[in-house]
Amino acid sequence: MTQKILLVEDDNTTADFVVKGLSEQGFAVDHANNGRDGLFHATDGTYDAIVLDRMLPGMDGMAVLGAIRAAGITTLVIILSALGAVEDRVAGLTAGSDDYLTKPFAFAELLARLKLEKGDSLFVSEAANGVMLTPYDPEVEKQIALGREFMHDFRDTFNQLAK
């Protein structure tokens, strides 16, 4: 089943980046570009997670979070904010967010947090276009370990022959 995410973000560049990335990873994403619309969607729709900016037009992200929690909505909320001081992060977490990620951020980290909060174990590997997150598979990990061992042995043999 596709995981449904609500992104509440007023910066179009960030929003486009997150929506594109999450969509490519198989998530269904709704986007609201202000706090009021974000609150409407959060209370009207069924989401697996909400990614919420703090500094939003119309209604601040902290007010949106407070209203969501006051309405009894227990959906996972990850704050994504440029406000990164310790007191800002603590305020977001104590106000009811489940996680707090500061901007600038790595998309792979946001993706990992969403998937881990869902309860998936993840395996992080390098892909040609950056980091790839896939469901954890012990067999894949074993094959990678064997590949590393082979490369180590190959390098040792090559170095001995080069002498």
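See above for the structure.
These lines cover the structure that appears in this document, whether it is placed above or below. Each chain carries its own residue numbering, running from 1 in the written order of its sequence. Predicted model: local features are reported for residues with pLDDT of at least 70 only, side-chain atom pairs are reported and counted for 80 or more only, and whole-chain, interface and lining totals are derived from all residues. For the side-chain quantities, the full set of heavy atoms in the structure was used; hydrogens and water were omitted.

**Let's talk about unusual backbone geometry**
Inference 1: Omega for the bond connecting Lys 103 with Pro 104 falls within 30 degrees of zero, at -5 degrees, which places this linkage in the cis form.
Inference 2: To qualify as a helix, a DSSP run of H or I must reach at least 4 residues; to qualify as a strand, a run of E must reach at least 2; elements of each kind are numbered from the N terminus. Mapped onto the elements, Pro 104 comes out in the loop between β5 (99–102) and α5 (107–118).

**Considering the nonpolar core**
Inference 1: Buried residues of nine kinds, namely Ala, Val, Leu, Ile, Met, Phe, Trp, Tyr and Cys, make up a nonpolar core once their side-chain atoms join them within 4.5 Å. Relative accessibility under 20% of the residue-type maximum defines a buried residue, over 50% an exposed one, and the middle range a partly exposed one, all with a 1.4 Å probe and only protein chains included. Ranked by internal contacts, the top residues of the largest apolar core, which has 18 residues, are Ile 5, Leu 22, Val 51, Leu 110 and Leu 114.
Inference 2: Taken together, the elements giving at least two residues each to this core come down to β1 (4–8), α1 (12–24), β3 (49–52), β4 (76–81) and α5.
Inference 3: Note on contacts: a residue pair is in contact if any heavy atoms of the two residues lie within 4.5 Å. Setting aside residues up to four positions removed in sequence, Leu 114 forms contacts with Gln 3, Ile 5, Leu 22, Ala 49, Val 51, Leu 76 and Ile 78.

**A short note on the pairing of β1**
Inference 1: Of all 5 residues that make up β1, 4 are buried, and the element is covered over most of its length.
Inference 2: As paired strands, β1 and strand β2 (residues 28–32) are joined by 5 bridges and run parallel to one another. Bridged to Lys 4 within β2 is Ala 28.
Inference 3: Place the viewer so that the strands point away; then a crossover is right-handed whenever the path from the first strand over the helix to the second strand goes clockwise. Assessed by its sense of winding, the connection that carries the chain from β1 through α1 to β2 is right-handed.
Inference 4: We call two strands paired when DSSP finds no fewer than two bridges between them. Pairing analysis gives 4 bridges linking β1 to β3, with the strands arranged parallel. By the bridge assignment for β3, Leu 7 is matched with Val 51.

**Looking at the environment of Ala 67**
Inference 1: As for its position among the elements, Ala 67 is in helix α3 (residues 61–70).
Inference 2: Given a relative accessible area of 26%, Ala 67 falls into the partly exposed group.
Inference 3: Between the C-alpha atoms of Ala 67 and Ala 42, which are 25 residues apart in sequence, the distance is 9.7 Å.

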